Amino acid sequence: GKRREARSRRGSVSMQGAVRWNPRYSNKRTRVKVPPPQPSAKAQEDQSKETMAEVHEDRRAVVQAVVVRIMKARKTIPHATLIAQVKHQLHHRFEPSTADIKKNIDVLIDKEYLERDQDHEELYHYVA
């Protein structure tokens, strides 16, 4: 339906103004809609930061899973090819940065899922 701005005999009622309740007033046709309180800017900012942290953590896990899946299939792969394949497999979900992929490769090396080739620094080997 139509929305009307609340009006009193003195003009419109602002959202900043105080409203006093008159319990003796009664009219079956009058309806008052009170909007729900909005969360503070600080609360919204905190919730936004929390959501972004969760998204970042989820993406980190997805990138690591994709790297392991590619390495399981290929066993040995050059760095540039691995980065390109990870980006290709994830392009429909999100665009991971090369730096994020590199960090996750290093995490997987620390967890001993992958290892660097001793002779060729740009080669990775899958550790079963």
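Parameters at a glance
Residues numbered from 1 in each chain as written. Predicted model: local features only at pLDDT ≥ 70, side-chain atom pairs only at ≥ 80, totals over all residues. Heavy atoms only, no water. Pairing = 2+ DSSP bridges. Helix = DSSP H or I, 4+ residues; strand = E, 2+ residues; numbered from the N terminus. Axes fitted to C-alpha atoms, helices over the stretch in contact; angles between N-to-C directions. Contact = heavy atoms within 4.5 Å. Salt bridge = Lys/Arg side-chain N within 4 Å of Asp/Glu carboxyl O. Buried < 20%, exposed > 50% of the residue type's maximum accessible area, 1.4 Å probe, protein only. Expected span 1.5 Å × (residues − 1). Parallel < 35°, antiparallel > 145°, perpendicular 65-115°, else oblique. Left-handed = near helix turned anticlockwise from the far one by under 90°. Nonpolar A, V, L, I, M, F, W, Y, C, P; charged D, E, K, R; others polar.

A. Spotlight on the sheet that holds strand S3 (residues 76–78). The sheet built from 3 strands is open, its strands ordered S3-S5-S4 with antiparallel pairing. The sheet is open, and its two edges are formed by S3 and strand S4 (114–116), each paired on a single side. Ignoring strand direction, the axes of neighbouring strands in this sheet form an average angle of 30°. Where S4 and strand S5 (residues 123–126) come together, 3 bridges link them in antiparallel fashion. Its bridge partner lying in S5, leucine 114 is registered against tyrosine 126. Each of S3, S4 and S5 touches helix H1 (residues 41–74); the most contacted strand, S5, lies at about 85° to it.

B. Geometry of the pattern of salt bridges. Scanning the model with the defined rule gives 5 salt bridges in all. With its nearest N and O atoms 3.4 Å apart, the salt bridge here joins lysine 42 to aspartate 46. With lysine 42 and aspartate 46 both in helix H1, this residue pair falls 4 residues apart, about one helical turn. Looking at aspartate 46, the relative accessible area reads 36%, which means it is partly exposed. Between arginine 60 and glutamate 57 there is a salt bridge whose closest N-O contact spans 2.3 Å.

C. Spatial organisation of the pairing of S5. Bridge count between S3 and S5: 3 bridges; the pairing is antiparallel. Residue pairing across strands places proline 78 opposite leucine 123, the latter belonging to S5. Linking S4 back to S5 in an antiparallel pair, the connection comprises 6 residues.

D. Quick peek at H1. Under the 1.5 Å per step criterion, the end-to-end length of H1 is 49 Å for 34 residues, consistent within 8% with the ideal 50 Å. Among all positions of H1, only Val63, Gln64, Val66, Val67, Val68, Ile70 and Met71 are buried. Buried residues belonging to H1 abut S3, helix H2 (79–90), helix H3 (98–110), S4 and S5. Positive phi shows up at lysine 75, right after H1, with a value of about 70°.

E. Here's a closer look at the packing of H1 against H3. Packing of H1 against H3 leaves a shortest axis separation of 9 Å and a crossing angle of 65°. On the basis of the axis angle, H1 is roughly perpendicular to H3. Of the two elements, H1 crosses H3, and the hand of that crossing is right-handed. Of the residues in H3, those in contact with Arg60, Val63, Gln64, Val67 and Val68 of H1 are Ile101, Asn104, Ile105, Val107 and Leu108. Class assignment for the residues of the contact of H1 with H3 results in 7 nonpolar, 2 polar and 1 charged.

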